[in-house]
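Descriptive structure summary
Here is how the chains run, residue by residue.
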Amino acid sequence: MSALLVIGAVLSGSAVLVTVSAIVAVALGAAATRITHSELMQSRRDAGNELKKQAQAYAEMTAERTEDNRRFAATMADRIMDRQRTIHQLENELSATQKKVAELTLQRSAEARRADAAEKRLGESEKATTAAEIRVAELTNRVAELEQRIDDLKAELAAWEVAAKEPARKHA
């Protein structure tokens, strides 16, 4: 607008009008600069306020996240302690169970050795019994042979006795 006023004054050729239009143009330019400066400052204040609100919101979010992280860390620490207690208990149970297994293994080995020894003695006893039965059978056969021999000898003796008495009768 001031540019039109100055152009109109220059075209009119009046020095007073050019001076007045130049002063009005400078005043309007200064007012425009002042208005622009005020709007720029206001927009900077608004932006600063907005940044302040964002910073406060981020600070609140950070506080919430920090509290969430603290709770999470506490929960995880509790869980880790629970797991460690459970692991410790299981390790103790495992140790006790391994000890029992070792004891039972030793007992089983001892029982197996005793059973092997008993089986060996049983086998030896069976062999001895079999050998004794064989010897008894042999002796029984030998006794039967000897009894038969005794019977044969008695019969032969009786035959001799009869024979010895008969020739004496023939001579007599």
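Refer to the structure above for everything that follows.
Helix and strand content of the chain: two helices and zero strands. The globule rule puts the C-alpha radius of gyration for 172 residues at 16 Å, and the 69 Å found for the chain is more than 25% above it. A burial count over the chain gives 3% of its 172 residues as buried. Here the chain displays about 14900 Å² of accessible surface, and carbon together with sulfur accounts for 62% of that area.

This part takes up the pattern of salt bridges. Per the stated rule, a full pass over the model turns up seven salt bridges. A salt bridge links Arg70 to Glu67; the shortest N-O distance between them is 2.6 Å. With Arg70 and Glu67 both in helix H2 (residues 15–171) and three residues apart, this pair spans about one turn of that helix. Arg71 serves as the salt-bridge partner of Asp68, at 2.2 Å between the closest nitrogen and oxygen. Taken together, the positions of Asp68 and Arg71, both in helix H2 and three residues apart, correspond to about one turn of that helix. When its relative accessible area of 42% is taken as the criterion, Arg71 is described as partly exposed.

This brings us to the side chain of Ser21. By the secondary structure assignment, Ser21 is in helix H2. There is a polar contact of 2.8 Å between the side chain of Ser21 and the backbone oxygen of Val18.

To continue, consider a nonpolar patch on the surface. On the surface, Val16, Val20, Val24 and Leu28 cluster together to form a nonpolar patch covering roughly 320 Å² of accessible area. Considering the arrangement of structural elements, one finds Val20 in helix H2. On the accessibility criterion, Val20 (44% relative accessible area) is partly exposed.

Another aspect to go through is a negative patch on the surface. A cluster of like negative charges, contributed by Glu147, Asp151, Asp152 and Glu156, occupies part of the molecular surface. Structurally, the position occupied by Asp151 is in helix H2.

Right, let's talk about the environment of Arg114 for a bit. Secondary-structure assignment places Arg114 in helix H2. As for Arg114 and Arg85, which are separated by 29 residues in sequence, their C-alpha atoms are 43 Å apart.

Mapping Ala9 onto the fold places it in helix H1 (residues 2–12). The sequence separation of Ala9 and Gly29 amounts to 20 residues, and the corresponding C-alpha distance is 17 Å. Setting aside residues up to four positions removed in sequence, Ala9 forms contacts with Ser14, Leu17, Val18 and Ser21.

The rules behind these values
- Residues numbered from 1 in each chain as written.
- Predicted model: local features only at pLDDT ≥ 70, side-chain atom pairs only at ≥ 80, totals over all residues.
- Heavy atoms only, no water.
- Helix = DSSP H or I, 4+ residues; strand = E, 2+ residues; numbered from the N terminus.
- Rg over C-alpha atoms; globule rule 2.2 N^0.38 Å.
- Buried < 20%, exposed > 50% of the residue type's maximum accessible area, 1.4 Å probe, protein only.
- Areas by Shrake-Rupley, 256 points an atom, 1.4 Å probe, with all protein chains shown as cover.
- Salt bridge = Lys/Arg side-chain N within 4 Å of Asp/Glu carboxyl O.
- Polar contact = N/O pair within 3.5 Å; in protein donor to acceptor, adjacent residues only side chain to side chain.
- Patch = residues over 30% accessible without salt bridge, like charges linked within 9 Å, V, L, I, M, F, W, Y side chains within 5 Å.
- Lys, Arg positive; Asp, Glu negative; His and termini not counted.
- Charge placed at Lys NZ, Arg CZ, Asp CG, Glu CD.
- Contact = heavy atoms within 4.5 Å.

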